[in-house]
Amino acid sequence: MTTTRIHTAQLTATLLAERTSITLSAGDRQGLLGVLAQTGATGPDLLRVDGFTLSAGFDATTTPFSWNPRLAKRTLGLAALRTLVHGAAKNPIEACEAVVAEAITRATSGAERSGSLGSWLASAPKPIRTMAVASASSYATELWSALEWSAMAELPTIGGSDDTVVHRPSGLLLKGRAEVIVHGSDERGSSARLLVLGGTPRPEDLLTLGAAALTATLADRDGQAPSVMVGWHPAAGQAVVLPVDHIVLRRAAAGIRQRVTTWRSSLAEVPATVAA
Amino acid sequence: MVLLDPTPTTETCAPWQPLAGAALLDALRGGRSSRPSVEGAFALRVRGELSDRCGELLGTSDAAPVTLDRGTVARGYHLSERSELSVELIRHVFTSTIFQLQVHAGPSADPVEDAKAVLEADPSRRPLLEYLRTLAPAARRDLRDAISSDARHLAERWPSLNPMWLPRTGVSMAVDLDGGRVRLRGTCDLMVGIPNRSSASVCMVSIKTAPLSPFHRDEARFLALVETARSGVPPFRVATYSTTTGELHAEYVTEALLKAAMEQTLAAVTAPAGVPTP
């Protein structure tokens with residue numbers, strides 16, 4: 001299992017490079033799920049495991065979620081990037097303004113649930129919406145200018161749905177994301193996945209990328225794994241490249257098991273009441 | 001071969017004649033219509049040299065990683081882990097926020113309240129707003145007057161930017177050197193220009209609430225260095241604008257400028273730690 005570091009200028013070539021990808025057999029799948037099952041589920045509640053909880057800790061999800069421009073930039077920025085790449089907008093600001101306007105229209109027509117991004121934007125004061133456009137357009141511009149879109153024979157999937165795996169025996173809800181998925185030209189449906197990460201490359205990127213690869217593979221009906229995971233840090237202008245194989249998936253499962261087991265053990269150690 | 005002009009060019013606008021509108025935009029752009037070509041390996045060499053020399057300076061020391069930002073490098077020290085809240089910092093944060101909002105939506109009727117609403121929505125700004133509430137009423141009033149003045153000057157003088165120039169605000173940058181023992185970090189208030197892999201095409205702008213000083217020129221040069229190491233291409237121009245005086249320092253980014261920024265950055269690696277300056 002080897003990772004390499006590349007610079008932003010090498011992103012497109014890395015995503016488009018021909019690679020072999022693995023497919024899980026039924027035995028492989030059971031083996032990986034067996035590793036996850038060792039985390040010691042304690043009840044009916046599912047513990048969410050994704051890039052955020054793996055880096056911020058599982059306690060982080062106990063804080064009630066509320067939108068702000070920084071949290072909205074990914075969703076808005078990716079929607080804007082889709083319109084840019086498809087030629088439906090001339091620049092990122094125009095694209096973001098259109099995305100925000102559309103979300104507000106949907107919310108005011110009752111098509112959005114309470115707490116959704118659209119509902120938040122519809123009720124947000126104008127300066128907050130402006131800052132949401134500012135943050136999202138900066139995000140979209142970075143990603144738009146980082147990749148050579150014209151080099152791609154087929155347009156990639158931008159900001160598709162998260163991969164989801166519910167595994168009751170371990171009490172885990174695995175969620176995996178990818179900002180850009182470049183589909184391979186082979187018939188097996190292999191893909192190269194780009195994740196946008198914050199800050200600078202860190203050793204923890206390995207688990208973040210591995211967990212996203214594991215989730216994508218387990219969520220795939222045919223057990224097809226992504227051929228490569230690329231964790232791009234725009235602030236640093238660098239990316240971590242992780243070709244996916246059986247070892248990567250096993251280590252990701254073991255890494256999740258270790259994190260979850262440690263966290264669940266720490267919960268068990270907390271006394272329910274404090275003696276006087 | 002790097003086709004950057006080796007001669008640094010600095011243009012300083014007299015504070016008693018603040019530029020506005022198209023004149024300010026022209027000063028930001030500079031007079032050159034062509035964008036200098038950049039050799040692909042240039043930025044890699046800059047980054048490599050920076051990293052190698054950081055390694056030489058730190059030797060086998062197992063000291064905690066050193067973080068450098070523009071404010072501390074320009075003043076000859078590296079960044080302390082402790083941060084200090086101050087009236088100056090609050091003014092800077094409010095004015096930067098007003099600037100960001102103006103870039104994207106034009107001047108506002110009530111920029112201070114707009115900025116406050118934006119900052120209140122950002123959980124990371126809670127300590128700053130709590131500190132603001134501890135200030136005496138007279139200090140708060142003075143601060144509000146100063147921020148209002150900054151906002152008025154920005155509204156009167158700052159040109160609107162064509163969205164086709166891809167203006168982006170609050171761009172974070174962080175570059176690790178020597179295996180993470182040194183981190184260069186910074187936030188650029190405004191970047192304008194379409195990023196290009198083979199030519200320098202981006203103008204980086206910093207907003208200051210104080211009158212400009214040589215420190216600010218060095219801060220802008222540090223950001224140019226970080227951007228070069230980060231993006232692989234040097235910016236075309238770096239500029240610093242004072243909302244108080246209307247001064248603009250703008251210069252072309254040259255090899256000589258980046259070299260000077262590198263030497264100043266390296267000098268700060270082994271210097272004592274200090275608190276950041278807004």
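Residues numbered from 1 in each chain as written. Chains lettered and ligands numbered in written order. Predicted model: local features only at pLDDT ≥ 70, side-chain atom pairs only at ≥ 80, totals over all residues.

Looking only at helices and strands, chain B features 9 helices and 9 strands. Taking all 278 residues of chain B together, 43% fall into the buried category. Taking contacts inside chain B between residues at least 6 apart in sequence as the whole, the part at least 24 apart equals 75%. (Helix = DSSP H or I, 4+ residues; strand = E, 2+ residues; numbered from the N terminus. Buried ≥ 20, exposed ≤ 12 C-beta atoms within 10 Å, placed from the backbone. Contact = placed C-beta atoms within 7 Å.)

Attention shifts here to the domain arrangement of chain B. Residues and elements named next belong to chain B. Taken domain by domain, chain B comprises domain 1 (10-73 + 162-270) and domain 2 (87-157). A C-alpha centroid distance of 25 Å is found between domain 1 and domain 2. Taken residue by residue, the interface counts 14 residues in domain 1 and 12 residues in domain 2. Elements with a minimum of two residues in the side of domain 1 that touches domain 2: β4 (168-177) and β5 (182-192). Here the side of domain 1 that touches domain 2 is built from residues that sort into 7 nonpolar, 6 polar and 1 charged. (Domains from an automatic or database assignment. Nonpolar A, V, L, I, M, F, W, Y, C, P; charged D, E, K, R; others polar.)

With that settled, the discussion passes to the pairing of strand β8 (residues 228-233) of chain A. Residue and element names in this part refer to chain A. Burial analysis of β8 places 6 of its 6 residues in the buried class, the great majority of the element. Neither face of β8 is exposed, since Val 228, Val 230 and Trp 232 on one face and Met 229, Gly 231 and His 233 on the opposite face are all buried. In terms of strand pairing, strand β7 (residues 191-196) meets β8 through 5 bridges, oriented parallel. Its bridge partner being in β8, Arg 193 is matched across the sheet by Met 229. Of the crossover connections in this fold, the one passing from β7 over helix α8 (residues 205-219) to the parallel β8 is right-handed. Where β8 meets strand β9 (residues 238-243), 6 bridges bridge the pair, whose relative direction is antiparallel. Looking at β9, one finds that His 233 is bridged to Gln 238. With antiparallel pairing between neighbouring strands as the criterion, β8 and β9 make up a hairpin whose turn holds 4 residues, including Gly 237 at a positive phi of roughly 70 degrees. (Pairing = 2+ DSSP bridges. Right-handed = clockwise from strand over helix to strand, strands pointing away.)

So, on to the interface of chain A and chain B. Listed as interface residues are 27 residues of chain A and, on the opposing side, 26 residues of chain B. Residue assignment for the side of chain A that touches chain B shows that the elements contributing at least two residues are α4 (69-85), α5 (92-108) and α7 (126-146) of chain A. For the side of chain A that touches chain B, the element with the most residues is α7 of chain A, which contributes 10 residues. For the side of chain A that touches chain B, a count of residues per class yields 12 nonpolar, 12 polar and 3 charged.

Averaged over every residue, the pLDDT of chain B is 88; the share at 70 or more is 89%. Predicted complex metrics record ipTM = 0.88 and pTM = 0.91. (pLDDT = per-residue confidence, 0-100.)

Another point: the sheet that holds strand β5 (residues 172-176) of chain A. Residue and element names in this part refer to chain A. Ordered in space as β2-β5-β4, the 3 strands form an open sheet in which the pairing is mixed. Pairing within the sheet leaves two strands with one partner each, and these edge strands are β2 (47-49) and β4 (163-167). Ignoring strand direction, the axes of neighbouring strands in this sheet form an average angle of 20 degrees. Two elements, β4 and β5, share 5 bridges in a ladder whose sense is antiparallel. Paired with Thr 164 across the two strands is Lys 175, which belongs to β5. (Axes fitted to C-alpha atoms, helices over the stretch in contact; angles between N-to-C directions.)

Let us now look at the domain arrangement of chain A. Residue and element names in this part refer to chain A. For chain A, the assigned domains are domain 1 (4-50 + 162-269) and domain 2 (69-151). The C-alpha centroid of domain 2 is placed 27 Å from the C-alpha centroid of domain 1. Tallying contributions element by element places helix α1 (residues 11-16) first for the side of domain 1 that touches domain 2, with 3 residues. For the side of domain 1 that touches domain 2, a count of residues per class yields 4 nonpolar, 2 polar and 1 charged.

Below, the discussion takes up the sheet that holds strand β6 (residues 180-183) of chain A. Residues and elements named next belong to chain A. Read from one edge to the other, the open sheet built from 6 strands follows the order β1-β9-β8-β7-β6-β3, with strand pairing classed as mixed. The sheet is open, and its two borders are formed by β1 (4-7) and β3 (157-158), each paired with just one other strand. Strands in contact with α8 are β7, β8 and β9; relative to β8, the strand with the most contacts, it is inclined by about 135 degrees.

Moving on, we come to the packing of α5 of chain A against α7 of chain A. Residues and elements named next belong to chain A. Their axes nearest at 8 Å, the elements α5 and α7 cross at an angle of 130 degrees. Judged by the inter-axis angle, α5 sits oblique to α7. For the pair α5 and α7, the crossing hand works out as right-handed. Seen from α5, the contacting residues are Pro 92, Ile 93, Ala 95, Cys 96, Glu 97 and Val 100; seen from α7, they are Arg 129, Ala 132, Val 133, Ala 136, Ser 137, Ala 140, Thr 141 and Trp 144. (Parallel < 35°, antiparallel > 145°, perpendicular 65-115°, else oblique. Left-handed = near helix turned anticlockwise from the far one by under 90°.)

Once that is clear, we can look at the pairing of strand β7 (residues 237-242) of chain B. Residue and element names in this part refer to chain B. β7 sits mainly inside the fold: 6 of its 6 residues count as buried. Here β7 shows no split at all, with Arg 237, Ala 239 and Tyr 241 on one side and Val 238, Thr 240 and Ser 242 on the other all buried. When strand β6 (residues 203-208) meets β7, the two strands line up parallel, connected through 6 bridges. Residue pairing in the sheet places Val 205 in a bridge with Ala 239 of β7. Each parallel crossover has a hand, and for β6 linked through helix α8 (residues 214-231) to β7 it is right-handed. As judged from the 5 bridges shared by β7 and strand β8 (residues 248-252), these two strands associate in the antiparallel manner. If you follow Thr 240 over to β8, its bridge partner there is His 249.

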